[in-house]
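Observations on the model geometry
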Amino acid sequence: MKTKRLAVIIVVVLLYSGFEYLVTGAVNWPRKLLQQSTTSVGDYVTNPETGLGRAAEAVDKLGAAREGQSPEAFDIVGRVVRVADGDTISVLDANNKQHKVRFFGIDAPERDQPQGDAAQLALARLVEDRDVGVVVIETDDYGRSVGTVYRGNLNINQAMVKGGYAWWYRYHAPHERHLEAAEQGAREQARGVWSEANPVAPWDWRRGRR
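In this text, all values refer to a predicted model and were calculated from it rather than measured experimentally.

**Some words on the confidence of the model for the chain**
In this model, the chain carries a mean pLDDT of 79, and residues with pLDDT of at least 70 account for 65%. The low-confidence segment residues 37–56, where pLDDT is below 50, has eleven contacts with residues more than four positions distant or belonging to other chains.

Here is the structure:
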């Protein structure tokens, strides 16, 4: 039965193709069918009303936030009221709620580590008593919001790494290539921590202090 049905389909396809060739001089129906199928799939992926469309939109927004493009809306907006060290701040929002924010994808020297005070001062110069927006990526084990911090259109996470005041935290953010590039530039220019003869990454410093 299946063989006969297949034979009928083949005959129909050949007859239709022959008819189209006689009328138009070419067989175009396979290409048109492929274009229609591709368009349908593309429409489904980009349609915000579909689950896949919403997922694609979320990935685009997260990518933009991580890659340094300042988004239109933030998860936290407020004034920086405390700079704890080179990668942690406290933000007071309009409702007088204070948020402790750990910078995503970077790791600054500890306070008792060489360049630790310099990193804190560098971050203070950038954000202390300034309005910032935060794109929250996750919440850590200490209840802190972990995210990318912006002052206007300036990505502060990237600025800290670019200035040589923080490492790219590759273990927790392996795909943040903009941070990798910023660190490479700081290394080549011997800025900040990279001016030291043998800079020790903060995660190794903490391990040695335990």
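**Some points on the pattern of salt bridges**
Counted under the stated rule, the structure contains twelve salt bridges. Across the pair Arg79 and Asp131 runs a salt bridge whose closest N-O atoms are separated by 3.3 Å. Pair noted here: Arg79 is in strand E1 (residues 76–83) and Asp131 is in strand E5 (residues 131–139), with a separation of 52 residues, a long-range link. Residue Asp131 is classed as partly exposed on the basis of its relative accessible area, which comes to 48%. A salt bridge links Asp204 to Arg207; its shortest N-O distance comes to 2.6 Å. With Asp204 and Arg207 both in helix H7 (residues 202–209) and three residues apart, the pair spans about one turn of that helix. By sharing partners, the salt bridges in this structure join Asp87, Arg102, Asp107, Glu110 and Arg206 into a single network.

**Some points on the pairing of strand E3 (residues 98–103)**
Taken together, the five bridges between strand E2 (residues 88–92) and E3 define a ladder with antiparallel strand orientation. When the bridges of E3 are listed, Ser90 appears paired with Lys100. With antiparallel pairing between neighbouring strands as the criterion, E2 and E3 make up a hairpin whose turn holds five residues, including Asn96 at a positive phi of roughly 60°. Of the strand pairs in this sheet, E3 and strand E6 (residues 145–151) are connected by three bridges, and their pairing is parallel. Directly across from Phe103, in E6, lies its bridge partner Gly147.

**Topic: unusual backbone geometry**
Phi is positive for Asn96, close to 60°, though the residue is something other than glycine. For Asn96, the location among the structural elements is in the loop between E2 and E3. Residue Asn96 is classed as exposed on the basis of its relative accessible area of 63%. Backbone geometry places Ala190, a non-glycine residue, at a positive phi of 55°. Inspection of the secondary structure puts Ala190 in the loop between helix H6 (177–188) and H7.

**As for the packing of aromatic side chains**
Scanning all chains against the criterion turns up three aromatic pairs. Ring centres of Phe74 and Tyr150 lie 5.7 Å apart, and the angle between their planes is 40°; this geometry places the pair in the tilted category. In this pair, Phe74 sits in the loop between helix H3 (51–66) and E1 while Tyr150 sits in strand E6, placing the two residues 76 residues apart along the sequence. For Phe74, a relative accessible area of 26% puts it in the partly exposed group.

Thresholds, definitions, all that
- Residues numbered from 1 in each chain as written.
- Predicted model: local features only at pLDDT ≥ 70, side-chain atom pairs only at ≥ 80, totals over all residues.
- Heavy atoms only, no water.
- pLDDT = per-residue confidence, 0-100.
- Contact = heavy atoms within 4.5 Å.
- Salt bridge = Lys/Arg side-chain N within 4 Å of Asp/Glu carboxyl O.
- Helix = DSSP H or I, 4+ residues; strand = E, 2+ residues; numbered from the N terminus.
- Buried < 20%, exposed > 50% of the residue type's maximum accessible area, 1.4 Å probe, protein only.
- Pairing = 2+ DSSP bridges.
- Phe/Tyr/Trp six-rings, centres within 6.5 Å; stacked < 30°, edge-to-face > 60°.

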